[in-house]
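Here is what each chain is made of, one letter per residue.
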Amino acid sequence: MSTVLGLLFTFLWSSAAIATKFGLGSTTPLALATFRFLSAGLLLFLYVYGLNRKFPWPKPRQWLPLIVLGLLNTTIYLGATFWALTYVSAGLFNLFVATNPFLVAFFSYLWLKRSISIKEWLGMLVAAFGLLIATWPSIAGGEASISGLIILGIGMLSMAVGSVYFKKVNLDLPSIVINTWQLCIGGIVSLPIAYFLEKDTFFFKPDMHLLGSMIWLVFVISIGTMLLWFFLLKQDPVRANNWLFMTPIFGFILAAVVLHEQVTSFDIVATVVVVIGLFLSGNIKL
């Protein structure tokens, strides 16, 4: 059952980039991201503190960690990735997601003094080489700008730092409460940022693409998939994190089928190299 749930999580997580691509044809990226955060956060807030009143309010000492997590995991990570998807393909985005466990391991080494073995370092280097293979044709062909890749990299770094920070602060709150406040805080902070950065480029088309994108991103990803993620984390954090390694495979398939993005030999080779890096690191075992 855990394998089925893990594969379901990976499939749904990979689909987020596809849904975002659809929404980006109807409005600007930061506006789309902010609307997603606030909508999902409000729905969760109404459920947690309205329909179901058994969940606790954060204590005074817990507000600072929640604000930091909201900034790292919502405002910066999701905001940056939405922005980056205007410059890079959905398939390439999902390949970058697969590196998050390595970044988490690296920051855990720096911050939590977690030891990293030689084979883990080797795996990281091989996976990084795989990313270089994937990104080089897009850069050379002008399909993905340097700025887009930098924004995407900032988002992945923020997610990794947020994951390590979450482990370090060890908040004594239910997962659904943490997710509620992450989304609410992240959305509130994103609102003025989106206004100042997109006030001259903002557009809004209330079409079916926008509606479908928002329904999927809010209900399936921000609420459903995140709750599934928290469930997997409670079962086994290491195994849960390893499911992110499968995102390039589902990502390239979904991007090819739904968005008709071309899957090149570079994409295939890069995915194979990244997977080899995962096996070398010992994160995935046959």
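These numbers were taken from a predicted model, which means no experiment stands behind them.

Enquirer: How would you summarise the overall build of the protein if you had to cite specific residues and measurements?
Expert: A count of helices and strands for the protein gives 12 helices and 0 strands. Secondary structure elements in the protein, listed N-terminal to C-terminal, are α-α-α-α-α-α-α-α-α-α-α-α. Computed over C-alpha atoms, the radius of gyration of the protein comes to 18 Å, within 12% of the 19 Å expected from 2.2 N^0.38 for 286 residues, which places it in the range of a compact globule. Seen through its principal axes, the protein has C-alpha atoms that stretch 50 × 45 × 35 Å. Looking at the protein as a whole, 52% of its 286 residues are labelled buried. In the protein, the proportion of contacts linking residues at least 24 apart, taken out of those at least 6 apart, comes to 87%. The distance from the centre of the 16 positive side-chain charges to the centre of the 9 negative ones in the protein is 15 Å.

Enquirer: Run through the packing of aromatic side chains, naming residues and quoting values.
Expert: The final tally for this structure, using the stated rule, is 11 aromatic pairs. Relative to Phe 196, the ring of Tyr 195 lies with its centre 5.3 Å away and its plane at 75 degrees, an arrangement referred to as edge-to-face. Across the pair, exposure class does not vary: Tyr 195 and Phe 196 are exposed alike. Ring pairing ties together the aromatic residues Phe 45, Tyr 49, Trp 57, Trp 63 and Trp 181, which thus form one cluster.

Enquirer: Which residues make up helix α11 (residues 247-258), and what values go with them?
Expert: Relative to the 16 Å expected for 12 residues at 1.5 Å per residue, α11 spans 16 Å between its end C-alpha atoms, a close match to the ideal helical length. Looking only at α11, the buried set comprises Thr 247, Pro 248, Gly 251, Phe 252, Leu 254 and Ala 255. Projection of α11 onto a plane perpendicular to its axis shows the buried side chains occupying an angular sector of 170 degrees, all on one side.

Enquirer: Tell me about the environment of Ile 76, and name the residues and values.
Expert: For Ile 76, the position within the fold is in helix α3 (residues 63-84). A sequence separation of 114 residues divides Ile 76 from Ser 190, and the C-alpha atoms of the two residues are 8.6 Å apart.

What counts as what
- Residues numbered from 1 in each chain as written.
- Predicted model: local features only at pLDDT ≥ 70, side-chain atom pairs only at ≥ 80, totals over all residues.
- Heavy atoms only, no water.
- Helix = DSSP H or I, 4+ residues; strand = E, 2+ residues; numbered from the N terminus.
- Rg over C-alpha atoms; globule rule 2.2 N^0.38 Å.
- Buried < 20%, exposed > 50% of the residue type's maximum accessible area, 1.4 Å probe, protein only.
- Contact = heavy atoms within 4.5 Å.
- Lys, Arg positive; Asp, Glu negative; His and termini not counted.
- Charge placed at Lys NZ, Arg CZ, Asp CG, Glu CD.
- Phe/Tyr/Trp six-rings, centres within 6.5 Å; stacked < 30°, edge-to-face > 60°.
- Expected span 1.5 Å × (residues − 1).
- Arc of directions from axis to C-beta.

Geometric values such as these leave the question of function open.
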